[in-house]
Amino acid sequence: MAAPCRRMASRSLLQFLSCFSRTAVGNVGFRQFSSTSVCRATLMTRSVTERARSPWTLMAAVCLQRFPVISADCTPIEQQFRQMMHQMELEKSLLSDHELRLLEDAERMSRKQADDYDSDEDGDLGDQEIVLAQDLEDSWEQKLKNFQPTPRVTADADKDLTSLERCLADSLFLLAEQQVDGAKLWLLPQTRWQDGETLRQTAERALPAAGLKATFLGNAPCGVYKYKLPKAARTESTVGTKVFFFKAVLSDSGPPAAPNAPLLWAKKSELQRYLKPAYMMTVDRFILGL
């Protein structure tokens, strides 16, 4: 045990200082790693600043959808399947209470028409007025004839593109007529992003002031459309526009829009008549015609 201690004590001061210097070199290497992290953070901050000065104009648009109000018409194969299931249920079903009552009424009427009919067999029902199940069916059929269902298709409403009452069996999407680079175009409602707000807040602000209330489906955009300005209109600070789309579902229609309002509700199959081909190609990727 004394030998190691003697060797340590015999070391000169110069050797001790050399060991300390090597340790210091290791610490310097650690400080170099920290300085690298600082440089990396500086570069990230610089890149964020450069992105903030991007020559692209940012905009947010809302894809507002009105879901179908009534069920869609059945296709021929759906009608065949429905008839087959109805026939299977009819063959495997038991008699209902009303059908059992019909059989009891028929049996009672046959006993009354027999020659050996005894009114005491019916108990207390002999002196009472009996409402037969067939009488109930006749009254129900009369009510059914008097019932007039609301028409599924209204020609006047279907032609009015500004009405929310058109095409009740289909999904509708809101389009707005907006000024873009001096031209009026039909687009999904959009507006320019302002400093200090999120893109979703910009999309919420893009909703027309027509009493429409919508439920947004998430905070992330569902699509993006990018276009460049003509070369004559480009500058160092403005090259083009990026439009980020957000999905929303109509929750309250509010008052009806004016007939001349720059808004219309179109089915998915009708969008290509109003949207530009390149714009339509982007929108078609995230629109579902449910």
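In this text the structure is predicted, and so the values were computed from the model without any measurement. (Residues numbered from 1 in each chain as written. Predicted model: local features only at pLDDT ≥ 70, side-chain atom pairs only at ≥ 80, totals over all residues. Heavy atoms only, no water.)

**Some thoughts on the overall build of the chain**
For the chain, the helix and strand inventory stands at eight helices and eight strands. Scored against the burial criterion, the 290 residues of the chain give a buried share of 24%. (Helix = DSSP H or I, 4+ residues; strand = E, 2+ residues; numbered from the N terminus. Buried < 20%, exposed > 50% of the residue type's maximum accessible area, 1.4 Å probe, protein only.)

**As for the nonpolar core**
Formed by 22 residues in total, the largest nonpolar core has its most connected members in Leu188, Phe245, Leu271 and Tyr279. Counting only elements with at least two residues in this core, the list comes to strand E1 (56–66), strand E2 (172–180), strand E6 (223–228), strand E7 (240–252), strand E8 (263–266) and helix H8 (277–283). Not counting chain neighbours up to four residues away, the residues in contact with Leu271 comprise Phe173, Leu175, Ala266, Met280 and Ile287. (Core = buried A, V, L, I, M, F, W, Y, C linked by side-chain atoms within 4.5 Å. Contact = heavy atoms within 4.5 Å.)

**So, the confidence of the model for the chain**
On average, residues of the chain score 78 in pLDDT, and 72% of them reach the 70 mark or higher. This stretch, residues 20–33, has a pLDDT under 50; its non-local contacts, to residues over four places away or in other chains, come to one contact. (pLDDT = per-residue confidence, 0-100.)

**As for unusual backbone geometry**
The phi dihedral of Cys167 is positive, around 50 degrees, even though this residue is not glycine. Within the element layout of this structure, Cys167 appears in the loop between helix H6 (155–159) and E2. Judged by relative accessible area, which is 11%, Cys167 ranks as buried.

**Some thoughts on the pattern of salt bridges**
Applying the stated criterion across every chain, the model contains five salt bridges. Between Glu270 and Arg166 there is a salt bridge, with the nearest N and O atoms lying 3.3 Å from each other. Here Arg166 lies in the loop between H6 and E2 and Glu270 lies in the loop between E8 and H8, a separation of 104 residues in the sequence. Each member of the pair Glu270 and Arg166 is classed as buried. Lys268 is paired through a salt bridge with Asp284; the nearest N and O atoms lie 3.7 Å apart. Of this pair, Lys268 sits in the loop between E8 and H8 while Asp284 is found in the segment after H8, placing the two residues 16 residues apart along the sequence. Relative accessible area serves as the criterion here: at 28%, Lys268 is assigned to the partly exposed category. Relative accessible area serves as the criterion here: at 38%, Asp284 is assigned to the partly exposed category. (Salt bridge = Lys/Arg side-chain N within 4 Å of Asp/Glu carboxyl O.)

**Some remarks on the side chain of Gln178**
Locating Gln178 in the fold gives a position in strand E2. Classification of Gln178 as buried rests on a relative accessible area of 19%. Among the polar contacts made by the side chain of Gln178, one reaches the main-chain carbonyl oxygen of Gln190 at a distance of 3.1 Å. Ignoring anything within four residues of it in the chain, the contact list for Gln178 reads Ala183, Lys184, Leu185, Leu187, Leu188, Pro189 and Gln190. (Polar contact = N/O pair within 3.5 Å; in protein donor to acceptor, adjacent residues only side chain to side chain.)

**Side note on the pairing of strand E3 (residues 183–187)**
Here five bridges tie E2 to E3, and the two strands are oriented antiparallel to one another. By the bridge assignment for E3, Ala176 is matched with Leu187. Taken together, E2 and the strand that follows it, E3, pair antiparallel across an intervening segment of two residues, in which Asp181 is found at a positive phi of about 55 degrees. (Pairing = 2+ DSSP bridges.)

**Looking at a positive patch on the surface**
Where like charges cluster on the molecular surface, the positive patch consists of Lys226, Lys228, Lys231 and Arg234. Within the fold, Lys228 resides in strand E6. (Patch = residues over 30% accessible without salt bridge, like charges linked within 9 Å, V, L, I, M, F, W, Y side chains within 5 Å. Areas by Shrake-Rupley, 256 points an atom, 1.4 Å probe, with all protein chains shown as cover. Lys, Arg positive; Asp, Glu negative; His and termini not counted. Charge placed at Lys NZ, Arg CZ, Asp CG, Glu CD.)

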